[in-house]
Amino acid sequence: MASNIPQPPTSLHLAVAEGAVHLSWSPAAGTSEGISSYEIARAELFGGPFVVIGTVGGDTLQYIDATAPPETILYYQVRARAGGKVSDYSQPVSGEVPASLP
């Protein structure tokens, strides 16, 4: 049933601090099962391929990517999981960790 598929998270935001990429988002519209987790995916190209780099619990709305290589523009997307069902990915955001922060 289509109504049991979660909506993608919204308002994905990226900030760079302390040599890492900090992502935050607004919660996905849930299903009767509720959101069980969020999957974070990263790519070096806008169109992908995206690779899942982390998962957080359904009540967590942020992720820190401390493995982002410096001086590389990276693209991120997040999707929600409700039981065995997954949403589409959010709109991508991009950012770059500088070689050294002032």
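Preceding this section is the structure that the text describes.
In every chain, residue numbers begin from 1 and rise along the written sequence. Local features in this predicted model are restricted to residues of pLDDT 70 or higher, and side-chain atom pairs are both shown and tallied only at a pLDDT of 80 or more, whereas totals for entire chains, interfaces and linings draw on every residue. The basis for every side-chain value is the complete set of heavy atoms in the structure, and neither hydrogens nor water enter the calculation.

Undergrad: What is the right way to look at the overall build of the chain in this model?
TA: Only runs of H or I of at least four residues qualify as helices and only runs of E of at least two qualify as strands under DSSP, and these elements are numbered from the N terminus. Helix and strand content of the chain: zero helices and eight strands. When the elements of the chain are put in sequence order from the N terminus, they spell out β-β-β-β-β-β-β-β. Atoms considered for the radius of gyration are the C-alpha atoms alone. The globule rule reads 2.2 Å times the number of residues to the power 0.38. In terms of overall size, the chain behaves like a compact globule, its C-alpha atoms giving a radius of gyration of 14 Å where 102 residues would be expected to give roughly 13 Å. Dimensions along the principal axes, computed over C-alpha positions, put the chain at roughly 50 × 25 × 20 Å. Entry remark: accessible area of the chain is about 5600 Å², with carbon and sulfur atoms responsible for 53%. When charges are counted, Lys and Arg are positive and Asp and Glu negative, with His and the chain ends excluded. Note on charges: their place is set at NZ of Lys, CZ of Arg, CG of Asp or CD of Glu. Charge separation in the chain, taken as the distance between the mean sites of 4 positive and 9 negative side-chain charges, equals 12 Å. Areas reported here follow the Shrake-Rupley algorithm with a probe of radius 1.4 Å; residue values treat only the protein chains shown as occluding.

Undergrad: Got a minute to help me understand the pattern of salt bridges in this structure?
TA: Between side chains of opposite charge, a pair can form when the charged atoms approach closely. Criterion for a salt bridge: a side-chain nitrogen of Lys or Arg within 4 Å of a carboxyl oxygen of Asp or Glu. Within the structure shown, the criterion is met by three salt bridges. Between R79 and E39 there is a salt bridge, with its nearest N and O atoms 2.7 Å apart. Taken together, the residues R79 in strand β6 (residues 73–82) and E39 in strand β3 (residues 37–43) connect sequence positions 40 residues apart. Residue R79 shares its accessibility class with E39, and that shared class is buried. Linking R81 and E39 is a salt bridge whose minimum nitrogen-to-oxygen distance equals 2.8 Å. With R81 in strand β6 and E39 in strand β3, this residue pair connects regions lying 42 residues apart in the sequence. The classification of residues rests on relative accessible area computed with a 1.4 Å probe and restricted to protein chains. Under 20% of the type maximum is buried, over 50% is exposed, and intermediate values are partly exposed.

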